[in-house]
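Here are the chains, one letter per residue:
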Amino acid sequence: MGGRAIARGIVPATGPRDARGVRLSVVIPTWCEATTVAACVRRAAQLGDEVVVADAASTDGTGERARASGARVVLAPRGRGPQLDVGARAATGDVLLFLHADTYLGAGARDAIDAALRDPAIVGGNFRLRFEPGGSWASLFAAANDLRRLAFRVYYGDSAIFVRRRAYDLLGGFGDLPLMEDYAFVRRLERLGPTAYLRDVAAVSSARRFEGRPLRTLALWALVQGLYEAGVPTPWLAKLYRDLR
């Protein structure tokens, strides 16, 4: 595969033929991310036309630091799905880029998005995932994510999902899921139309979730995924997976 892998599906008529001039909004959900949010907002401002932080009333000053760094801060109920949707409603862009507070995009990300969206059929997409700090487990998790994206068209929010506003609206957003909201959204997005996998630019995410406990984290992810597929309600799953940032 080259720098972009395309997943085919039902194609709506969305987007301009030339993505230059398209307004890009970066939406960041936060909960007690005071140590990372300022750097995240500054980096996001370099690639987006606006940065919207959907904060769940963090108690550590996250909202204040985000605002001081240039973001528009909106309050949202805690939970990844509700926060993403509140941020998206506040955003004004033609394209929405959903970014975690512990993730940043490598050089050339905006150009890559613009290039992908010059094809009017493309409804959205994501980036190749890499973890910092590196190491054998970080490399293994990154390789597994890459293979899963290529083979099964499955990816998650830490890989920086972007979507045309019209496609987002057609899909009804992320909904009120506190967990697995990205997986559910991506499944609908992939059925809606072709997506772009931007492998030449990395979404660099923190390895904090599995540092020192990689096997436990892998087992937990597999358990949550399996229970979700079996129909277990997401509020119950959220009790298993507490890190809902």
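Worth saying up front: this structure is predicted, and the values here are computed from it rather than measured.

K.L.:
I'd like a rundown of helix α3 (residues 80-90), residues and numbers included.
P.N.:
The buried count for α3 comes to 10 of 11 residues, which makes it a mostly enclosed element. The complete set of buried residues in α3 reads Arg 80, Gly 81, Pro 82, Gln 83, Leu 84, Asp 85, Val 86, Gly 87, Ala 88 and Ala 90.

K.L.:
Outline a nonpolar patch on the surface, supporting the account with residue identities and numerical values.
P.N.:
There is a patch of nonpolar side chains on the surface, built from Trp 137, Leu 140 and Leu 215 and spanning about 300 Å² of accessible area. Following the sequence through the fold, Leu 215 ends up in helix α8 (residues 214-229).

K.L.:
Describe the nonpolar core, with residues and values.
P.N.:
Generally speaking, a soluble globular protein has its nonpolar side chains buried in company with each other. One finds Ile 28, Leu 97, Leu 105 and Phe 127 to be the most contacted residues of the largest nonpolar core, which totals 38 residues. Elements supplying a minimum of two residues to this core: β2 (24-30), α1 (37-45), β3 (50-55), β5 (95-98), α4 (109-117), β7 (124-132), α5 (136-152) and β9 (195-206). By residue number, the principal contributor to this core is α4, which donates 5 residues. If near-sequence neighbours (up to four positions away) are discounted, Ile 28 is found in contact with Cys 40, Val 41, Ala 44, Val 51, Val 52, Val 53, Ala 54, Leu 99, His 100 and Ala 101. Within the second largest apolar cluster, 24 residues are counted, among which are Ala 88, Val 123, Tyr 155 and Phe 174.

K.L.:
Tell me about the pattern of salt bridges, and name the residues and values.
P.N.:
Counted according to the given criterion, the structure contains 8 salt bridges. For Asp 114, the salt bridge identified is with Arg 110, shortest N-O distance 3.2 Å. Here Asp 114 and its partner Arg 110 are both found in helix α4, 4 residues apart, which amounts to about one turn of the helix. In this structure, Asp 114 and Arg 110 share a single accessibility class: buried.

K.L.:
Let's hear about the pairing of β3: which residues, and what values?
P.N.:
Look at any regular strand and the pattern is simple: side chains alternate between the two faces of the sheet. Along β3, 6 of the 6 residues are buried, which leaves the element largely enclosed by surrounding structure. Side chains Glu 50, Val 52 and Ala 54 project from β3 onto one buried face, and the interleaved Val 51, Val 53 and Asp 55 project onto a second face that is buried too. After leaving β2, the chain enters α1 and then returns to the sheet as β3, a path that is right-handed. Pairing of β3 with strand β4 (residues 72-75) involves 4 bridges; the strand directions are parallel. In the sheet register, Val 52 faces β4, and the bridge partner there is Arg 72. Between the parallel pair β3 and β4, the chain is carried across by helix α2 (residues 62-68), and the sense of this crossover is right-handed.

K.L.:
Describe the environment of Trp 221, naming the residues involved and giving the relevant values.
P.N.:
Structurally, Trp 221 is set in helix α8. Residue class for Trp 221 comes out partly exposed when judged on its relative accessible area of 24%.

Reading the values: rules and limits
- Note on numbering: residues in each chain are counted from 1, in written sequence order.
- Reporting in this predicted model follows two pLDDT cut-offs: at least 70 for local features of residues, and 80 or more for side-chain atom pairs to be given and counted; totals over whole chains, interfaces and linings ignore these cut-offs and use all residues.
- With hydrogens and water set aside, each side-chain value is computed from the structure's full complement of heavy atoms.
- Burial classes follow relative accessibility: with a 1.4 Å probe on protein chains only, a residue under 20% of its type's maximum area counts as buried, one over 50% as exposed, and anything between as partly exposed.
- In this description a helix means any DSSP run of H or I spanning at least four residues, a strand means any run of E spanning at least two, and both kinds are numbered starting from the N terminus.
- Two distance rules govern patches: like charges are joined within 9 Å, and nonpolar side chains (Val, Leu, Ile, Met, Phe, Trp, Tyr) within 5 Å, applied only to residues with over 30% relative accessible area and no salt bridge.
- We get accessible surface area from the Shrake-Rupley algorithm with a probe of 1.4 Å; when it comes to residues, only the shown protein chains can shield them.
- The rule for a salt bridge is simple: a side-chain nitrogen of Lys or Arg has to be within 4 Å of a carboxyl oxygen of Asp or Glu.
- By convention a nonpolar core is built from buried Ala, Val, Leu, Ile, Met, Phe, Trp, Tyr and Cys residues, the set being connected through side-chain atoms within 4.5 Å.
- By definition in these notes, contact holds between two residues if any of their heavy atoms fall within 4.5 Å.
- Consider the strands pointing away from the viewer: the crossover is right-handed when the path from the first strand over the helix to the second runs clockwise.
- The pairing criterion for strands is at least two bridges between them, as found by DSSP.

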